[in-house]
Amino acid sequence: MGFGGVAPPPVLLEAERQDFMLGGLRDLVRHDGQSAGTWDIEVRYGAPARVIAHTAREFGADLIVMGVGRHTRLDRMFSGETALATLRVADRPVLAVSPNFAGLPGHAVVAVDFGPASVKAAEAALRVLRDDGTLSLVHVKTRLERSQVALAALDSWAAQYDAGVTQLFERLRSVLSIPTGVMVETIELVGDPSRVILSYADTVGADLVAVGTHGPGLFERIFLGSVSTAVLRGAPCSVLGVPEPPPTEAMRLRRLLLGTVESVSPGEWAGMLADFTKRNAGRRTALEIDDPSIGAQVQEAGYVLRGAAYDVQSGAVELMFGTERADAPHLTRSVTRVGSIAVLTDPDGRDRALCVVSGDAQTLLTFLDR
């Protein structure tokens, strides 16, 4: 007996429904000039977004491709809800294809906030772009009313902001693997991010807009006004949504792009220090302890880094040093009551320093071979 005394649909009826849906899918494939026998076609049951995301993980897919309406803004809003829901729960890129998508895009616009997700969005856009395509990296800063801030202070801030954005764009280009035939342009605009991105994409006739997403957080669930949501609902073309990368990859991208990465989460420290060791083992170092109670003291200078690790059981960071001879004396520094760990990087992506904060004190490891 079904819920509330209502019997579930007969098994034969459900089987007939599944056969009908499979037949419709095969007809669509044949209508497109393809052989239905060369496609893997199946029908699955459940909440569409979660089933699609789960199936993509099951098969190890690199990309989820979905259709999205475009005839009117209202059509797009309703038909795009499944794509939007999938984008929120998927752990890989989702390409929402508009009806006029006839081939690889020739012009892709990427919304860039210089966070890890937007970097991955740019990388994903490059993978689907034509060999001779154009990639527009667009950063939108919020407009500030000049009456709210003293003019001199606002102008000074704006100049510093613009200089910072220019440097970030340079770093972003160095992080991306840009094919020889692809033209990359960087654009800085002012206004509401989603509106400005949509307007720019429409003006240049872009075939694709790529955005990074930040997962189903509280803000995203309550206020459906995020850039990714607004772009998917209002874009005049196809949309590529790319989720936030795993923590280790996100840290790597922040370090390369921003020149520093800091973590206050103990769950991230073991992986963070393991990666730091892989990049820097064997480099000559200097170690300084800065403690208000005893002042700044140099612990060593000239030893090579053997390793850096976080012991989950004791909650301590272990820094290990030695000489180029394996049988020579070594030095270990243990830092307890750790509050944060930060890595500082050169513009060329090479690590300059590691800082471990413990209460009011900090342990600073710097490299002598810069």
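Everything numeric in this text was worked out from a predicted model, so none of it was measured.

Novice: In this structure, what is going on with the overall build of the protein chain? I would like to understand it.
Specialist: Across its full length, the protein chain carries eleven helices and 15 strands. Across the 370 residues in the protein chain, those meeting the buried criterion constitute 41%. The long-range share in the protein chain, meaning contacts at least 24 apart out of those at least 6 apart in sequence, stands at 62%. Counting every atom, the protein chain has about 20400 Å² of accessible surface; 55% of that belongs to carbon and sulfur.

Novice: For this particular structure, what's the right way to read the pairing of strand E13 (residues 338-345)?
Specialist: The side chains of a regular strand alternate between both faces of the sheet. Within E13, six of the eight residues are buried, which leaves it mostly tucked inside the rest of the structure. Note that strand E8 (residues 260-263) and E13 share four bridges and pair antiparallel. Note that in E13 the partner of threonine 260 across the bridge is leucine 344. Here seven bridges tie E13 to strand E14 (residues 351-358), and the two strands are oriented antiparallel to one another. In the sheet register, isoleucine 341 faces E14, and the bridge partner there is valine 356. Between E13 and the antiparallel strand that follows it, E14, lie five residues; glycine 349 among them carries a positive phi value of about 90 degrees.

Novice: What should I look at first to understand the side chain of serine 340 in this one?
Specialist: Examined against the element boundaries, serine 340 turns out to sit in strand E13. A polar side-chain atom of serine 340 sits 3.4 Å from a polar atom in the side chain of glutamate 262.

Novice: Explain the nonpolar core to me, please; I cannot follow it from the model alone.
Specialist: Note on soluble globular proteins: their nonpolar side chains tend to be buried together. Counting 31 residues, the largest nonpolar core has Val110, Phe114, Leu135, Leu137, Leu172 and Leu240 as the members making the most contacts within it. Taken together, the elements giving at least two residues each to this core come down to strand E2 (94-97), strand E3 (107-111), helix H5 (116-128), strand E4 (134-141), helix H6 (151-175), strand E6 (208-212), strand E7 (238-242) and helix H10 (247-258). It is H5 that provides the largest number of residues to this core, a total of seven residues. Those residues in contact with valine 110 that sit more than four places away from it in its chain are Ser118, Ala121, Ala122, Ala125, Leu135, Ser136, Leu137, Val138 and Ala210.

Novice: Please clarify how unusual backbone geometry should be interpreted in this entry.
Specialist: One can expect most non-glycine residues to show negative phi and most peptide bonds to be in trans. Positioned with a positive phi, phenylalanine 114 is a non-glycine residue whose angle comes to about 70 degrees. For phenylalanine 114, the position within the fold is in the loop between E3 and H5. With a phi angle near 50 degrees, arginine 337 is a residue other than glycine that sits in the positive phi range. Here arginine 337 is to be found in the loop between strand E12 (331-335) and E13. By relative accessible area, which is 63% here, arginine 337 ends up exposed.

Novice: Would you take a moment to explain H10 for this structure?
Specialist: An α-helical turn contains 3.6 residues, so any two residues separated by three or four positions project in the same direction. Over its twelve residues, H10 extends 16 Å from the first C-alpha to the last, a length consistent with the 16 Å expected when each residue adds 1.5 Å. Listing the buried residues of H10 in full gives Ala250, Met251, Leu253, Arg255, Leu256 and Leu257. Just downstream of H10 lies glycine 259, where phi reads positive at about 85 degrees.

Novice: Honestly, helix H7 (residues 193-204) in this entry has me stumped. Any pointers?
Specialist: Its twelve residues place the ends of H7 17 Å apart at the C-alpha level, agreeing with the 16 Å of an ideal helix rising 1.5 Å per residue. Every buried residue belonging to H7 is among Ser194, Val196, Ile197, Leu198, Tyr200 and Ala201, and all of these are buried. Once H7 finishes, glycine 205 follows within two positions and takes phi at roughly 65 degrees, a positive value.

Novice: Where do I start with the confidence of the model for the protein chain in this structure?
Specialist: When the pLDDT values of the protein chain are averaged, the result is 81; 76% of them are 70 or greater. Within the protein chain, no element has a lower average pLDDT than helix H8 (residues 218-222), which sits at 38, and none a higher one than E3, at 95. Here residues 216-225 is a poorly scored stretch, pLDDT under 50, and it has ten contacts once near neighbours within four places are set aside; other chains count.

Novice: So what exactly am I meant to see when it comes to the sheet that holds E14 here?
Specialist: The strands that make up a sheet are held in pairs by hydrogen bonds between backbone atoms, and each pair lies either parallel or antiparallel. Strand order in this open sheet of eight strands is E8-E13-E14-E15-E9-E10-E11-E12, and the pairing throughout is antiparallel. The open sheet is flanked by E8 and E12, the only strands paired with a single partner. Ignoring which end each strand starts from, the neighbouring axes of this sheet average 30 degrees apart. Of the strand pairs in this sheet, strand E9 (residues 284-291) and strand E15 (residues 361-367) are connected by six bridges, and their pairing is antiparallel. In the sheet register, glutamate 288 faces E15, and the bridge partner there is leucine 364.

Scoring rules and cut-offs
- Residues numbered from 1 in each chain as written.
- Predicted model: local features only at pLDDT ≥ 70, side-chain atom pairs only at ≥ 80, totals over all residues.
- Heavy atoms only, no water.
- Helix = DSSP H or I, 4+ residues; strand = E, 2+ residues; numbered from the N terminus.
- Buried < 20%, exposed > 50% of the residue type's maximum accessible area, 1.4 Å probe, protein only.
- Contact = heavy atoms within 4.5 Å.
- Areas by Shrake-Rupley, 256 points an atom, 1.4 Å probe, with all protein chains shown as cover.
- Pairing = 2+ DSSP bridges.
- Polar contact = N/O pair within 3.5 Å; in protein donor to acceptor, adjacent residues only side chain to side chain.
- Core = buried A, V, L, I, M, F, W, Y, C linked by side-chain atoms within 4.5 Å.
- Expected span 1.5 Å × (residues − 1).
- pLDDT = per-residue confidence, 0-100.
- Axes fitted to C-alpha atoms, helices over the stretch in contact; angles between N-to-C directions.

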